[in-house]
Amino acid sequence: MGKIIAFTNKKGGVGKTTTAVNMAAYCAEFGKKTLLVDIDSQGNATTGLGFSKSALKKSVYNVLIEDDNAAANILPTQVKYLDILPANVDLTGAEVDLVYKKSRERILKNALEKIRSDYDYIFIDCPPSLGLLTINAWVAADSVIIPLQSEYFAMEGVSQLMNTIALVKQHLNPNLQIEGVVITMYDGRALISKQIAAEIKKFFKKKLYEIIIPRNIRLAEAPSHGKPIMLYDPKCVGARAYKALTEEFLSHQR
């Protein structure tokens, strides 16, 4: 049975999609059959793996709203062992459409349960919000990974995020756990980055991954080329960091 992990943060621009895409790619490189599910209406994980949102006729929207079989909407990527359940422009209206669906919080869970045994890991890239799409991801998931930027506002909203996760755990998914927290966009030259990293470590303790993701221009460039960093520039500092982070993640699974 594959493990399902949601990558989540209510704040945008924290490296959430970058982390989901690149950890998925490195898991695949390490021989783990991996599925990336893009439920962010911006579709950045989809374009970051080389797909055009506007050209896709089928997507995760069809699974959530039209009750399509998830397997029929999955596409192989340019990375061996990595598949994607993509997002397209239709997903923009999914939050509203879900309101009228029966058992609306469990639609994604029910869809992924049918394909769970086909994968070692299923990663879900969540929207930067706490709406119905994110709730669907948390109900489907075994655990969450929270990317946090090492900047002043990083901790702002974390308590609300943790409270909402606790409510989902209490009422909808009692097995939901915090898989880990990863510091992203770290600038070792800035004193504020070091101070915020220390605050994050104090708050999350052992849940914080030791590997920190630095600010890196090559990481920022890779999505515009439709490639994970391991294909775009495997020797850059960002690629080495995500490879090491994935190794740390997999070591915790063992």
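The structure this text deals with has already been given above.
Predicted model, so just to flag it, every value in this text is computed and none were measured.

Cut-offs applied
Residues numbered from 1 in each chain as written. Predicted model: local features only at pLDDT ≥ 70, side-chain atom pairs only at ≥ 80, totals over all residues. Heavy atoms only, no water. Core = buried A, V, L, I, M, F, W, Y, C linked by side-chain atoms within 4.5 Å. Buried < 20%, exposed > 50% of the residue type's maximum accessible area, 1.4 Å probe, protein only. Helix = DSSP H or I, 4+ residues; strand = E, 2+ residues; numbered from the N terminus. Polar contact = N/O pair within 3.5 Å; in protein donor to acceptor, adjacent residues only side chain to side chain. Contact = heavy atoms within 4.5 Å. Phe/Tyr/Trp six-rings, centres within 6.5 Å; stacked < 30°, edge-to-face > 60°. Expected span 1.5 Å × (residues − 1). Axes fitted to C-alpha atoms, helices over the stretch in contact; angles between N-to-C directions. Parallel < 35°, antiparallel > 145°, perpendicular 65-115°, else oblique. Left-handed = near helix turned anticlockwise from the far one by under 90°. Nonpolar A, V, L, I, M, F, W, Y, C, P; charged D, E, K, R; others polar. Pairing = 2+ DSSP bridges.

**Q** Looking at this structure, I do not really get the nonpolar core. What am I missing?
**A** Note that soluble globular proteins tend to have their nonpolar side chains buried in a common cluster. Val37, Leu112, Ile124 and Trp138 are the most contacted members of the largest nonpolar core, which has 52 residues in total. Tallying contributions element by element places helix α6 (residues 132-140) first for this core, with seven residues. The next biggest cluster of nonpolar side chains, apart from the first, holds 36 residues, and it includes Ala20, Phe51, Leu82 and Leu219.

**Q** Mind showing me how you'd approach the side chain of Ser143 here?
**A** Among the secondary structure elements, Ser143 is positioned in strand β6 (residues 143-149). In terms of polar contacts, Ser143 uses its side chain to reach the side chain of Glu179, at 2.7 Å. Dropping the residues within four chain positions of it, Ser143 is found in contact with Lys3, Ile4, Ile5, Ala6, Leu176, Gln177 and Glu179.

**Q** Would you explain the packing of aromatic side chains in this entry?
**A** Any two aromatic rings considered together are summarised by their centre-to-centre distance and by the angle between their planes. Here the structure, examined in full by the defined rule, presents five aromatic pairs. Aromatic side chains Phe123 and Phe249 sit 5.9 Å apart centroid to centroid with 75 degrees between the ring planes, which places their arrangement in the edge-to-face category. In this pair, Phe123 sits in strand β5 (residues 121-125) while Phe249 sits in helix α11 (residues 237-253), placing the two residues 126 residues apart along the sequence. Residues Phe123 and Phe249 agree in their burial class; the two are buried. Seen from their ring centres, Phe203 and Phe204 are 4.8 Å apart, and the 70 degrees between their planes marks the pair as edge-to-face.

**Q** What exactly am I supposed to notice about helix α1 (residues 16-29) here?
**A** Helical periodicity: at 3.6 residues per turn, an α-helix aligns residues three or four positions apart in one direction. If you check α1, its first and last C-alpha atoms are 20 Å apart, about what 14 residues at 1.5 Å a residue would give, namely 20 Å. With 12 of 14 residues buried, α1 is to be regarded as a mostly interior element. Taken together, the buried positions of α1 are Lys16, Thr17, Thr19, Ala20, Val21, Asn22, Met23, Ala24, Ala25, Tyr26, Cys27 and Ala28. Just past α1, the residue Gly31 takes up positive phi, approximately 90 degrees.

**Q** So what exactly am I meant to see when it comes to the packing of α6 against helix α7 (residues 158-171) here?
**A** For any two helices packed against each other, the geometry comes down to the angle between their axes and how far apart the axes lie. With their axes 10 Å apart at the nearest point, α6 and α7 run at an angle of 55 degrees to one another. Put simply, α6 runs oblique to α7. Of the two possible hands of crossing, α6 and α7 adopt the one that is right-handed. Facing α6, whose interface residues are Ile135, Trp138 and Val139, α7 presents Leu161, Thr164, Ile165 and Val168. For the contact of α6 with α7, a count of residues per class yields six nonpolar, one polar and no charged.

**Q** Teacher, can you tell me more about the sheet that holds strand β7 (residues 177-184) here?
**A** Hydrogen bonds between backbone atoms are what pair the strands of a sheet, whose relative direction is either parallel or antiparallel. The strand order across the open sheet formed by seven strands is β3-β4-β2-β5-β1-β6-β7, and the pairing between neighbours is mixed. The open sheet is flanked by β3 (75-76) and β7, the only strands paired with a single partner. Sheet topology places β6 next to β7; seven bridges connect them, and they run parallel. Among the inter-strand pairings, Val144 is bridged to a residue of β7, identified as Ile178.

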